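Below are the chains, spelled out letter by letter.
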Amino acid sequence: MKTNNDKINNVSIGALPSQIIPLFVIVFLWLLAFYQGLSTAVKVWQVSEIFTHCFLVIPCSVYFIFQKRQRILSQPWLPNYWLLPAFVGLLFIQLFGSVGDIQLFMHIATFTSLPLMIWMVIGNKAAKEICFPLAFMLFSIPVGEQLIPYLQIITTDMAVPLLELSNVPIYRNGFYLDIPQGRFLVAEACSGISFLIASIVFGCFYAYLSFSTLSKQIIFVMLSILIPIIANALRVYGIVLTAHLTDMEYAAGADHIIYGGIFYTIILFILIIIGENFRDQPLAQKAVSEKTASIQILVKMPKMMFFIITCLALQLFWKATLDRQVVTNNIAKSVINLQQLPLTNTVLSNAALEKSQWQPLYVDADDSERGVIITSAGLPIDYYIASYLNSEAELISSLNVLYSNKKWAPLSQQTHYVSKMNAKVILTKIVSPVGQHRYIVHWYQLANEIHTSQIKVKLLQTKAQLFGGDSRGTLFAFSLQNTGEEALTSETLLAFLTNNAEHISKIIELH
């Protein structure tokens, strides 16, 4: 005798092949249209330990969806056409990111489009049954490294007072922590970003499996965010304190990495204990009647697939057209030569350049110049100019740096308005491991306009490339080592720009 559950399984399994075809078509179209975003994301997952968990996100989401297959099939599949504008927007973001090589845009579009396409096809009622697996796919986006500087600041701000309360003599110089026994750097690896992101993913995963009420799920996810941040500060505090008490015998070398791994394991175990103590009892699965298990394949389904295929085809055609275009640069390549300009009360010195400790790096610049200007007061001002024409090389790139992270650490960054240039510039203060301070003033120039925002510069250049405009860009940077008085050094650098704004503007007009 067949039970009601046997009937449900028979209906679901029998109806599955006819209804699963659109989902396979969606996945195939997604792989075809978003291949570039997917491939670049996989490369990031491979090289960065921060995002190795991303390899498991899509498989876990698929498994969660498979678990809910009966409930999905029990709902009528009514395509949601209201999501089409959002889908078209994601296609444009993908194209925009591809043309400008903005990987974040490509990754957002890639891993947002897949759950959105599924939602569009199966409709609101069926998508509601798998809302978490669809949202969980967003954790495939390799994003979060932008939080590293802020986490470094938070970790240092929390660890230093704890060390002072423990009577550890400590002097903070940016991210450098000096104690009598030695010096520590709260580097990017010490920010705790890897554990924070992994903890957030685990927190959402565990909350979905263990809690049935939204309030408990939110509370547990919040704990998975706060606890790693506090724990990382305690880890830094413990490492410095251990080094102080043992006269740098322990926790000064590779030991702190091992201790950190053990510490994070303990913190994760604590999160699990907290979750288990408040875990909800498993609810009995509601039976799905044979009537509701019948699938409603409507005429609107092929229409939705037609719209999706049309949008994807138009996006691929636009991208292929841009790829085939031969970029003809009729603009003469300007020669950067600051030495030909009559700067006020200054002398150019190649000998001082050899002694300079400031070495910016901008990869594959079409033209660049680096030198040292000696002011009337005898102060050496380093300068660096890098120009990028309409080529594949990028002005805004993670490979381009104003200073080496191995030799310098950031202390502060502010914007200042230079009246004679009629523009804002960025003033950055950095410090070396031996305590030397240096100021850097820099800005970006596009089409005779000065900009300070990297994001804005990148978007403007990408827009120009997308619609056939002029995407040339130039970096201007001037640097001066601390002369003894912090305020005097920065004022000297800004005064140099003010006094020579007319001459510097002539360089800007060349680019």
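Not measured: the values here are computed from a predicted model.

1. Thoughts on the side chain of asparagine 232
Looking at the element boundaries, asparagine 232 is found in helix α10 (residues 214-245). Classification of asparagine 232 by relative accessible area gives buried; the value is 1%. Excluding its chain neighbours within four sequence positions, the residues that come into contact with asparagine 232 are Thr155, Cys190, Ser191, Gly192 and Tyr264.

2. Observations concerning the pattern of salt bridges
It is possible for side chains bearing opposite charge to pair when their charged atoms get close. By the definition in use, this model includes four salt bridges. Residue arginine 183 is joined to aspartate 178 by a salt bridge in which the shortest nitrogen-to-oxygen separation is 2.6 Å. When its relative accessible area of 40% is taken as the criterion, arginine 183 is described as partly exposed. Here aspartate 178 falls in the buried class, since its relative accessible area comes to 18%.

3. With respect to a nonpolar patch on the surface
On the surface, Ile154, Met158, Leu226, Ile230 and Leu234 cluster together into a nonpolar patch covering about 390 Å² of accessible area. Put simply, the parts of the chain that give the nonpolar patch at least two residues each are α8 (148-165) and α10. The dominant element in the nonpolar patch, judged by the number of residues it contributes, is α10, at three residues.

4. Focus: the side chain of serine 140
With respect to the helices and strands, serine 140 occurs in the loop between α7 (131-136) and α8. For serine 140, a relative accessible area of 0% gives the class buried. Beyond its immediate stretch of four places on either side in the chain, serine 140 contacts Trp45, Cys54, Val57, Ile58 and Phe111.

5. Considerations on helix α9 (residues 193-210)
Compared with the 26 Å implied by 1.5 Å per residue over 18 residues, the 25 Å span of α9 between its first and last C-alpha is a close match. Turning to α9, its buried residues number three or more, namely Ile193, Phe195, Leu196, Ile197, Ser199, Val201, Gly203, Cys204, Tyr206, Ala207, Tyr208 and Ser210.

6. Here we look at the environment of arginine 69
Within the secondary structure layout, arginine 69 lies in helix α4 (residues 69-73). For arginine 69, a relative accessible area of 33% puts it in the partly exposed group. With 57 residues separating them in the primary sequence, arginine 69 and alanine 126 have C-alpha atoms 9.7 Å apart.

7. Focus: the sheet that holds strand β2 (residues 176-179)
Across the sheet, which stays open at both edges, the three strands sit in the order β1-β2-β3 with antiparallel pairing between neighbours. Strands at the two margins of the open sheet, each flanked by one partner only, are β1 (171-173) and β3 (182-185). Adjacent strand axes in the sheet meet at a mean angle of 20 degrees when their direction is disregarded. When β1 meets β2, the two strands line up antiparallel, connected through three bridges. Bridged to arginine 172 within β2 is leucine 177. The sheet contacts of α8 involve β1 and β2, and relative to β1 the element is tilted by about 165 degrees.

8. A word on the packing of aromatic side chains
Counted by the stated rule, this structure contains 23 aromatic pairs. With a centroid separation of 5.4 Å and an interplanar angle of 15 degrees, the aromatic rings of tryptophan 443 and phenylalanine 476 are classed as stacked. Residue tryptophan 443 is found in strand β9 (residues 437-446), and its partner phenylalanine 476 is found in strand β11 (residues 473-481); the two are separated by 33 residues along the sequence. In this pair, the class of tryptophan 443 matches that of phenylalanine 476, namely buried. Between the NZ or CZ atom of arginine 69 and the centre of the ring of phenylalanine 66, over which it lies, the distance is 4.1 Å.

9. Regarding the packing of α8 against α10
As a packed pair, α8 and α10 sit with axes 8 Å apart at the nearest point and diverge in direction by 50 degrees. As judged from the angle between their axes, α8 and α10 are oblique. Viewed along their axes, α8 and α10 form a crossing whose handedness is right-handed. Note on element contacts: α10 touches α8 through Ile229, Ile230, Asn232, Ala233, Leu234, Val236, Tyr237, Val240 and Leu241, opposite Leu151, Ile154, Thr155, Met158, Ala159, Leu162 and Leu163. A class-by-class count of the residues in the contact of α8 with α10 yields 14 nonpolar, two polar and no charged.

Cut-offs applied
Residues numbered from 1 in each chain as written. Predicted model: local features only at pLDDT ≥ 70, side-chain atom pairs only at ≥ 80, totals over all residues. Heavy atoms only, no water. Helix = DSSP H or I, 4+ residues; strand = E, 2+ residues; numbered from the N terminus. Buried < 20%, exposed > 50% of the residue type's maximum accessible area, 1.4 Å probe, protein only. Contact = heavy atoms within 4.5 Å. Salt bridge = Lys/Arg side-chain N within 4 Å of Asp/Glu carboxyl O. Patch = residues over 30% accessible without salt bridge, like charges linked within 9 Å, V, L, I, M, F, W, Y side chains within 5 Å. Areas by Shrake-Rupley, 256 points an atom, 1.4 Å probe, with all protein chains shown as cover. Expected span 1.5 Å × (residues − 1). Pairing = 2+ DSSP bridges. Axes fitted to C-alpha atoms, helices over the stretch in contact; angles between N-to-C directions. Phe/Tyr/Trp six-rings, centres within 6.5 Å; stacked < 30°, edge-to-face > 60°. Lys NZ or Arg CZ within 6 Å of the ring centre and 35° of its normal. Parallel < 35°, antiparallel > 145°, perpendicular 65-115°, else oblique. Left-handed = near helix turned anticlockwise from the far one by under 90°. Nonpolar A, V, L, I, M, F, W, Y, C, P; charged D, E, K, R; others polar.

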